[in-house]
Amino acid sequence: MSRVGKVERTTRESSVYVEIDLDGTGQVEISTGVPFYDHMLTAFGVHGCFDLIVRATGDTHIDAHHSVEDIAIVLGQALREALGDKKGIRRFGDCWIPMDETLAHASVDVSGRPYTVHRGEPEQFNSFVIGGNYPFVLNRHVFESLAFHAQIALHVRVEYGRDPHHIAEAEYKAIARALRAAVEPDPRVGGVVPSTKGVL
């Protein structure tokens, strides 16, 4: 059974197309107009082992915010579509990612109940722009938008770190690996929904 989500969304601020295959091999095609975001979504696809296409244009001449947010919304919607009825998945996943001096952790529950907890990013980087194009403060916005539209519970925390690039990248990779574990088929579950309620 194919677990692919394809979503397109156009507003006055952006035009976004996302396609995700949960059972891929990490093949990615990313073009967002925000180079550092391209780097993060590439890492997300590769380390999640998702085949991922993201094509977006937007008013990045004003700010990266609209494009970054809208892509996270559409990625969440595509992820939710790809999950289908969620029968036979592991449901839960977590991952620690060290990146040089940084250590980040992500935990995921594909619960159908959107929730985000995001902690530990050093506050002094809230006004920092990575690579001159990606405001560091957008990390939380991306994670909240992704979780809300995918309808997952997502907890992300930074234990420590001093390089904004490493901190952001460790977070994205941790989320990718946690999601990879959560959406994988669990042969012990079989074809049932992993919930006492019978639905997620």
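Residues numbered from 1 in each chain as written. Predicted model: local features only at pLDDT ≥ 70, side-chain atom pairs only at ≥ 80, totals over all residues. Heavy atoms only, no water.

Asks: Would you take a moment to explain the nonpolar core for this structure?
Replies: Soluble, globular proteins show a tendency: their nonpolar side chains are buried together. Formed by 59 residues in total, the largest nonpolar core has its most connected members in Ile20, Tyr37, Phe44, Tyr134, Ile175 and Leu179. At 11 residues, the largest contribution of residues to this core is made by helix H4 (residues 164-183). Not counting the four nearest positions on each side in its chain, Ile20 is found in contact with Arg3, Val4, Gly5, Phe44, Phe50, Asp51, Leu52, Leu75, Ala78, Leu79 and Ala82. (Core = buried A, V, L, I, M, F, W, Y, C linked by side-chain atoms within 4.5 Å. Buried < 20%, exposed > 50% of the residue type's maximum accessible area, 1.4 Å probe, protein only. Helix = DSSP H or I, 4+ residues; strand = E, 2+ residues; numbered from the N terminus. Contact = heavy atoms within 4.5 Å.)

Asks: Help me understand the sheet that holds strand S6 (residues 102-109), please; the structure alone is not making it clear to me.
Replies: Hydrogen bonding along the main chain pairs the strands of a sheet, whether they run parallel or antiparallel. Strand order in the open sheet made by the four strands is S5-S6-S10-S7, with mixed pairing throughout. Of all the strands in the sheet, just strand S5 (92-99) and strand S7 (115-119) have a single pairing partner and so form its edges. Neighbour-to-neighbour, the strand axes of this sheet turn through a mean angle of 10°, independent of strand direction. The sheet contact formed by S6 and strand S10 (residues 153-160) spans seven bridges and is antiparallel. The residue bridging Asp109 from the neighbouring strand is Ala153, located in S10. (Pairing = 2+ DSSP bridges. Axes fitted to C-alpha atoms, helices over the stretch in contact; angles between N-to-C directions.)

Asks: Just checking my understanding: could you explain helix H3 (residues 138-150) for this structure?
Replies: For an α-helix the count is 3.6 residues per turn, leaving residues at separations of three or four pointing the same way. A rise of 1.5 Å per residue sets the reference length of H3, with its 13 residues, at 18 Å; its end C-alpha atoms lie 18 Å apart and thus fit the reference within 8%. Taken residue by residue, H3 has Leu138, Asn139, Val142, Phe143, Ser145, Leu146, Ala147, His149 and Ala150 as its buried positions. Residues of H3 that are buried make contact with helix H1 (35-48), helix H2 (65-83), S7, strand S9 (134-135), S10 and H4. (Expected span 1.5 Å × (residues − 1).)

Asks: I would appreciate a short explanation of the pattern of salt bridges in the present structure.
Replies: Oppositely charged side chains are able to pair whenever their charged atoms sit close together. Summed over all chains, the structure comprises nine salt bridges. With a shortest N-O distance of 2.7 Å, Asp109 and Arg91 are connected by a salt bridge. Note that Asp109 is positioned in strand S6 and Arg91 in the loop between H2 and S5, a separation of 18 residues in sequence. On the accessibility criterion, Asp109 (11% relative accessible area) is buried. Of the charged contacts, one joins Glu184 and Arg180 as a salt bridge, the two residues approaching to 3.8 Å between their closest N and O atoms. Glu184 gets classed as partly exposed once you look at its relative accessible area, which sits at 29%. (Salt bridge = Lys/Arg side-chain N within 4 Å of Asp/Glu carboxyl O.)

Asks: Honestly, the side chain of Thr102 in this entry has me stumped. Any pointers?
Replies: Inspection of the secondary structure assignment puts Thr102 in strand S6. Here the side chain of Thr102 touches Glu101 through a polar contact of 2.7 Å, side chain to side chain. (Polar contact = N/O pair within 3.5 Å; in protein donor to acceptor, adjacent residues only side chain to side chain.)

Asks: I tried to follow unusual backbone geometry on my own but got confused; where do I start?
Replies: Note: most residues except glycine have negative phi, and most peptide bonds are trans. In this model, Arg91 sits at a positive phi of 80°, which is unusual for a non-glycine residue. Residue classification places Arg91 among the buried positions, given a relative accessible area of 10%. In this model, Gln151 sits at a positive phi of 60°, which is unusual for a non-glycine residue.

Asks: Hey, could you run me through the side chain of Lys86 in this one?
Replies: Residue position: Lys86 is located in the loop between H2 and S5. Buried and unpaired, Lys86 has Asp109 as its nearest opposite-charge partner, separated by 8.2 Å. (Lys, Arg positive; Asp, Glu negative; His and termini not counted.)

Asks: Before we go on, may I ask you to explain the pairing of S10 in this structure?
Replies: Each regular strand displays side chains that alternate between the two surfaces of the sheet. The pairing of S7 with S10 spans five bridges and is parallel. Along S10, the bridge assignment pairs Thr116 with Leu154.

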